[in-house]
Every structure is written in structure tokens, then in C-alpha cells.
Amino acid sequence: MRIPDRRFALFLMTPAAVFLAVFVAYPLIRLITDSFYKISPNVGGTREFIGVANYVEAFSSEAFTGAGWRTLAYTTIVVTLEFTLGLGMALLFTMLGKRSQIWRTVFLYPLMIAPIVAGLLWKFLMIDNFGLIGTLLHQAGILENPNQIGWLSNPDIVLFSVAVPDIWLTTSFMCLVLFAGLQNIPGDLIEAARLDGAKAPALLFRIILPLMRPVIAVALVVRGIDAARAFDTILIQTNGGPDSASETMSLLIYRTMIRFGDPGLASAMGTIYLLAMLGVAFFAVTTIWRPGTDT
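Everything quoted here is computed from the prediction, not taken from an experiment.

**Student:** Can you break down the environment of Leu31 residue by residue, with the values?
**Tutor:** Inspection of the secondary structure assignment puts Leu31 in helix α1 (residues 5–34). Residue classification places Leu31 among the partly exposed positions, given a relative accessible area of 25%. Along the backbone, Leu31 and Ile77 are 46 residues apart, and their C-alpha atoms lie at a distance of 29 Å. Excluding residues that lie within four positions of it along the chain, Leu31 makes contacts with Ser267, Gly270 and Thr271.

**Student:** Lay out the packing of aromatic side chains in plain terms, naming residues and giving numbers.
**Tutor:** Per the counting criterion, the structure on display carries seven aromatic pairs. Judged by centre distance (5.6 Å) and plane angle (50 degrees), the rings of Phe36 and Tyr55 are tilted. Linking Phe36 in the loop between α1 and β1 (37–39) with Tyr55 in helix α2 (residues 53–59), this pair joins segments that are 19 residues apart in sequence. The exposure class of Tyr55 is buried, given its relative accessible area of 14%. Where Trp122 meets Trp168, the ring centres are 6.0 Å apart and the plane angle is 65 degrees; that geometry is what we call edge-to-face. Taken as a pair, Trp122 in helix α5 (residues 115–126) and Trp168 in helix α7 (residues 158–182) lie far apart in primary sequence, 46 residues in all. You can call Trp122 buried: its relative accessible area is 15%. Looking at Arg47, its charged tip hangs above the ring of Tyr37, at a distance of 4.4 Å from the centre.

**Student:** How would you sum up empty space enclosed by the protein? Please name residues and give values.
**Tutor:** Here the structure, examined in full by the defined rule, presents one cavity of 30 Å³ or more. What lines the largest cavity is simply Leu125, Met126, Ile127, Asp128, Asn129, Gly131, Gly134, Pro146, Asn147, Ile149 and Trp151. Class assignment for the residues of the lining of the largest cavity results in six nonpolar, four polar and one charged.

**Student:** Quick one: what's the story with unusual backbone geometry, residue by residue and with numbers?
**Tutor:** The peptide bond linking Gly241 to Pro242 adopts the cis configuration, its omega dihedral lying at -5 degrees. Residue position: Pro242 is located in the loop between α11 (232–237) and α12 (249–259). The residue Asn239 is not glycine, and still its phi comes out positive at about 55 degrees. Relative to the assigned elements, Asn239 resides in the loop between α11 and α12. Positive phi outside glycine occurs at Ser244, with the angle close to 60 degrees. Structurally, Ser244 can be placed in the loop between α11 and α12.

**Student:** Can you explain the pattern of salt bridges? Please cite residues and give values.
**Tutor:** Per the stated rule, a full pass over the model turns up nine salt bridges. A salt bridge links Lys38 to Asp262; the nearest nitrogen and oxygen atoms lie 3.4 Å apart. Pair noted here: Lys38 is in strand β1 and Asp262 is in the loop between α12 and α13 (263–289), with a separation of 224 residues, a long-range link. The buried category is assigned to Asp262, whose relative accessible area is 9%. One salt bridge connects Asp166 with Arg223, and the closest N-O pair in it is separated by 3.1 Å. Here Arg223 lies in helix α10 (residues 213–228) and Asp166 lies in helix α7, a separation of 57 residues in the sequence. Like Asp166, the residue Arg223 is buried in the burial classification. Each of the salt bridges in this network shares a partner with another, and the network as a whole consists of Glu82, Asp166, Arg223, Asp226 and Arg229.

Here is what the cut-offs are and how they apply
Residues numbered from 1 in each chain as written. Predicted model: local features only at pLDDT ≥ 70, side-chain atom pairs only at ≥ 80, totals over all residues. Heavy atoms only, no water. Helix = DSSP H or I, 4+ residues; strand = E, 2+ residues; numbered from the N terminus. Buried < 20%, exposed > 50% of the residue type's maximum accessible area, 1.4 Å probe, protein only. Contact = heavy atoms within 4.5 Å. Phe/Tyr/Trp six-rings, centres within 6.5 Å; stacked < 30°, edge-to-face > 60°. Lys NZ or Arg CZ within 6 Å of the ring centre and 35° of its normal. 1 Å grid on protein atoms, 1.4 Å probe; cavity = no way out; pocket = protein on both sides within 12 Å on 5 of 7 lines; lining within 4 Å. Points joined across faces, edges and corners; volume = space filled by probe spheres on them. Nonpolar A, V, L, I, M, F, W, Y, C, P; charged D, E, K, R; others polar. Salt bridge = Lys/Arg side-chain N within 4 Å of Asp/Glu carboxyl O.

Below, the structure written as C-alpha cells:
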């Protein structure tokens, strides 16, 4: 008995569809639904429909707006530095050609490290009193004493400090994606531009980057969403401190749900958070990639 192609395709997609329905669609629907209720944190507790009261409370909360701005600043720092460093390394590896194979492998090693391990590692490197970075800078004569810079205790710089492990971990991912995109640029086009007298900056900004718009858009969206939901590395380093100076949206939602026992408010915050990330992703795709254009 011959199965029609369409039915066979549906048969092959069924396991994936069931998986997405159970582990993606249902939790998403439950998240949005719970955001309209006042829910008791106790098992089998009461559920009271309160409409958009949770959203009003979230937007009127200084903790929520502060966490939103810190998340935006953290994501901007991480993605900007990762893109700049990753693009530079990808261009270098492309110039080296086959000679870069070993260096590419070494450069990818941080991707194999768990975020919590990376957070612990950098915490011990930057922690006050006995952090290795402060000690080395003191021995080099740059700092008067090892504790002159409070990497994880100074509210003015702690957000950048907790971003360092994330940058160290995933710059190699950005480099890998951009390096793959560079391989699809025709060499004849680059050579023709060089023969016409184009210098390195013109090659980069007028030829290479415009041709890599789809790759850049995907890399920025993937890393932007991943950086915006940073949780474990920040939790292990500062737990959102000092004075909530490194408390991002993920940490705030976690505390609202677990510590303060308010699932409804946490769901409303999560829904707003989700919509914001979808909006940023849509903006990045339409402005950087610009689907429908020739390049």
C-alpha cells in the first residue's frame, strides 16, 4: 500500500509537532493565562481572575523597569563586544585560510564550558580581597592595592563585570557563525574590488557586511535573545547585587516567582519580557536582513 507524499510528510512531522505542543505551546499558553490571575503559591491554592492588574503592577514597579533597563544595557554590552570580537577573529581566520584550523579549534574551547562553571571561574578571578585579576594588576603596578577596583561589589561597574563570562563563553559562537558567512562570499568579487582600488575599510563596509546581512541578522537575534535571558552566570557571581545593580529581568522574574511567591505577577512579567524580545527580533530581521531585497 502506497502512502501519499503529503500524508507521509505529516506522519514524519507528528513527533516534532507533539513535542512542540507539549513543551512549547502549552507552557506558553499557560504563562499568558496565569498572567491574568492572582494565584496562591501553595499547591491547590486559589486562583482569582484580576484582569490586567498584574500588568499594571509590573509597569508601575521600579524594580521591573530597572531590571528592564539593566537587561537592555547588559544585552547591548554583550552582543556589541561579541560581534566586534567575533567579526575580527572571523576575518583573521579567513585571511589565514587553512593555517587557521588549529587556532579555530582552540578558539571554540570556551563553548564547551558550562555557564555555571564559567561564572564560578570568573567570580574567583574578580572577587574582592583575593581575586586574581586585582592581584595581577597590583603586581604589575597598575593598581595601588588589589582591592582598588570592586569588580563585583561596585554598582557602577558590576553589570560590565558579570558580562565578561558571557562574552568569554560565546564570542567563539559569534565567530563561528560569521566565519561560515564569510565563506559564502565569492572570492572573485573581493578580488575585482581590490583590482579597482578598494581599500580594506571599503571592502568591509561596502561589500562584505552588506552581503552578510542575513547571517549577521541571525547571529545578532540568536545571541541577543540568549544574552537577554542571562541568569546562571549572574546568579552565581553576584545574585543580582549589590543593591540590585546586576539584577536582570530573568533574575527578577525568578525572585518574584520563587522568593515572593507571586506566580501571577511573574507570569505577567514573563509575558511582557517575551513580547519585548519578539519585537526586538522582528526589528533586527527587518532592518538588518531586510527580506525581499537583492542582497
